[in-house]
Amino acid sequence: MNSDVSKLMAMVCGQNRNDFDMNSIPLEIRNQIDNALESVFIGKSTLLWLNGGKLIDAWNIALNDLRDTMFAIPNTSPVVIYLRMAVFNHRAKWNAKMMHSDERNTVACINTDVEKQEVIDNANAMITVGMKTIQD
């Protein structure tokens, strides 16, 4: 049975279309996507925070940027549909973390240019690795 027929049959049986799409993607791939989103988010948050301002502002801007980036992907394959759902799950998880974080109003303080460059390099590497996983 091809994928479209299987999806229709699942819907007739009362299964949610999004659940069907998600379950058609192996758990390993879903975990890779979730980890890649986290990596990109942490990298972007770090870079934004280093530019000044409160950590919560960096988190919020990074969440919005992550959402916009993932929804700009023109493909609508089941993996991309899962990716878009995962963005919202990621956002919900981080909204809870932000609410409870004692550090949300903290401003980044790095003492030397060498330390700052090391943090920037690490953040850029996280973004690169995460985006490569998502693109693959």
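Here, every reference points to the structure presented above.
Residues numbered from 1 in each chain as written. Predicted model: local features only at pLDDT ≥ 70, side-chain atom pairs only at ≥ 80, totals over all residues. Heavy atoms only, no water.

*Asks:* Which residues make up the overall build of the protein, and what values do they have?
*Replies:* A count of helices and strands for the protein gives 6 helices and 0 strands. Listed N to C, the secondary structure of the protein is α-α-α-α-α-α in terms of helices and strands. Here the protein, with 136 residues, has 29% of them falling under the buried criterion. Taking as baseline every contact in the protein between residues at least 6 positions apart, the subset at least 24 positions apart corresponds to 70%. (Helix = DSSP H or I, 4+ residues; strand = E, 2+ residues; numbered from the N terminus. Buried < 20%, exposed > 50% of the residue type's maximum accessible area, 1.4 Å probe, protein only. Contact = heavy atoms within 4.5 Å.)

*Asks:* Residues and numbers for the packing of helix H3 (residues 27-50) against helix H4 (residues 55-71), please.
*Replies:* Taken N-terminus to C-terminus, the directions of H3 and H4 make an angle of 135°; their axes are 8 Å apart at the nearest point. Overall, the two elements H3 and H4 adopt an arrangement that is oblique. Remark: the crossing between H3 and H4 carries right-handed chirality. Here Leu37, Val40, Phe41, Lys44, Ser45, Leu48 and Trp49 of H3 lie close against H4, whose contacting residues are Leu55, Ala58, Trp59, Ile61, Ala62, Leu63, Asp65, Leu66, Thr69 and Met70. (Axes fitted to C-alpha atoms, helices over the stretch in contact; angles between N-to-C directions. Parallel < 35°, antiparallel > 145°, perpendicular 65-115°, else oblique. Left-handed = near helix turned anticlockwise from the far one by under 90°.)

*Asks:* Explain the packing of aromatic side chains residue by residue, including any values.
*Replies:* Across all of its chains, the model carries 3 aromatic pairs by this definition. Each ring, one from phenylalanine 41 and one from tryptophan 94, has its centre 4.7 Å from the other, and the planes form 55°; the classification is tilted. Within this pair, whereas phenylalanine 41 is found in helix H3, its partner tryptophan 94 is found in helix H5 (residues 78-100), the two being separated by 53 residues in sequence. Side by side, phenylalanine 41 and tryptophan 94 carry an identical accessibility label, which is buried. The interplanar angle of 55° and the centroid separation of 5.4 Å between the aromatic rings of tryptophan 59 and tryptophan 94 together place this pair among those described as tilted. Pair noted here: tryptophan 59 is in helix H4 and tryptophan 94 is in helix H5, with a separation of 35 residues, a long-range link. Residue tryptophan 94 is classed as buried on the basis of its relative accessible area, which comes to 7%. Taken together, Phe41, Trp59 and Trp94 form an aromatic cluster joined through their ring pairs. (Phe/Tyr/Trp six-rings, centres within 6.5 Å; stacked < 30°, edge-to-face > 60°.)

*Asks:* Describe in detail the side chain of serine 39, supporting the description with residues and values.
*Replies:* One can find serine 39 in helix H3. Take serine 39: its relative accessible area is 14%, and that puts it in the buried class. In contact with serine 39, other than residues within four places in its own chain, are Met126, Ile127 and Gly130.

Note that all results are geometric; they support no functional claim without further evidence.
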